[in-house]
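Single-letter residue listing:
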Amino acid sequence: MTDGSVPAPTRDRLSELVSLGERMGYLRTMRVGFAVIVLAVGAFAPDVRGVTLAALSVITGTYLLLLLAGPELARRLRRKDLLPVMGATLLIDGLYLGWVMYATGGAASPLRFLVYLHIVAVTLLGSYRTGLKIAAWHSLLFFVVFYAQSAGLLA
């Protein structure tokens, strides 16, 4: 088309799109993977963690319970409120990963690669704008924890 108009979406083109439910499923799988990696490192490398394995397990279990059950219940209740729930879960992901980094060595944590995986997954499954927002959120959390440690507010 040379007149600059956008072609109407056909059934073939619409079938190429990934639904929000599928994307949430992939994010759910990513969260379970994060939990498995964190618990495995906590169990098999006790010198890395700065908290007890019980504390690590409780926080990880609460994270999984909150982020696996919460969005599923919200999705069943109201379809239109799914995007804000998805955004809130991404912020909670950031809080959890920030705590994991703090609990396993801070800036020198061997689990800091999980933050990079999270940013890449959100960028690919959501949008580049959402990925940038999540990258800014992780940066903000990192600097808050770093300066709280420097000020002596955190051990």
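Criteria and cut-off values
- Residues numbered from 1 in each chain as written.
- Predicted model: local features only at pLDDT ≥ 70, side-chain atom pairs only at ≥ 80, totals over all residues.
- Heavy atoms only, no water.
- Helix = DSSP H or I, 4+ residues; strand = E, 2+ residues; numbered from the N terminus.
- Buried < 20%, exposed > 50% of the residue type's maximum accessible area, 1.4 Å probe, protein only.
- Contact = heavy atoms within 4.5 Å.
- Areas by Shrake-Rupley, 256 points an atom, 1.4 Å probe, with all protein chains shown as cover.
- Axes fitted to C-alpha atoms, helices over the stretch in contact; angles between N-to-C directions.
- Left-handed = near helix turned anticlockwise from the far one by under 90°.
- Nonpolar A, V, L, I, M, F, W, Y, C, P; charged D, E, K, R; others polar.
- Polar contact = N/O pair within 3.5 Å; in protein donor to acceptor, adjacent residues only side chain to side chain.
- Salt bridge = Lys/Arg side-chain N within 4 Å of Asp/Glu carboxyl O.

J.: Whenever I open this one, the overall build of the chain confuses me. Can you help?
T.: In terms of helices and strands, the chain carries six helices and zero strands. Secondary structure elements in the chain, listed N-terminal to C-terminal, are α-α-α-α-α-α. Within the chain, the fraction of its 155 residues that count as buried is 30%. A separation threshold of at least 6 residues defines the contact pool for the chain, and within that pool the share at least 24 residues apart is 66%. In the form shown here, the chain has an accessible surface area of approximately 9,800 Å², with 69% of it arising from carbon and sulfur atoms.

J.: I tried to follow the packing of helix 4 (residues 82-103) against helix 6 (residues 128-150) on my own but got confused; where do I start?
T.: The angle between the axes and the distance between the axes are what describe a pair of packed helices. Helix 6 packs onto helix 4 with a crossing angle of 35 degrees between their chain directions and a minimal axis gap of 10 Å. Handedness of the helix 4/helix 6 crossing: right-handed. Where helix 4 abuts helix 6, its residues Leu90, Leu91, Gly94, Leu95, Leu97, Met101 and Tyr102 lie against Thr130, Ile134, Trp137, His138, Leu141, Phe142, Val145 and Gln149. The class makeup of the residues in the contact of helix 4 with helix 6 is 11 nonpolar, four polar and no charged.

J.: Help me out: how do you make sense of the environment of Tyr96 in this one?
T.: Topologically, Tyr96 is positioned in helix 4. When the C-alpha atoms of Tyr96 and Phe34 are compared, they prove to be 9.9 Å apart, with 62 residues separating the residues in sequence. The contacts of Tyr96, once residues within four sequence positions are left out, are Ala35, Val38, Ile59, Thr60 and Tyr63. A distance of 2.8 Å separates the side chain of Tyr96 from the side chain of Thr60, its partner in a polar contact.

J.: I tried to follow the side chain of Thr89 on my own but got confused; where do I start?
T.: Tracing the backbone through its elements, the reader meets Thr89 in helix 4. A polar atom in the side chain of Thr89 sits 2.6 Å from the backbone oxygen of Met86.

J.: Can you walk me through the pattern of salt bridges in this structure?
T.: Two side chains of opposite charge can pair, provided their charged atoms sit close to one another. Enumeration according to the criterion identifies one salt bridge in this entry. Asp93 is the salt-bridge partner of Arg31, the closest N and O atoms lying 2.8 Å from each other. Here Arg31, found in helix 2 (residues 20-44), pairs with Asp93, found in helix 4; they are 62 residues apart in sequence, far enough to count as distant. Side by side, Arg31 and Asp93 carry an identical accessibility label, which is buried.

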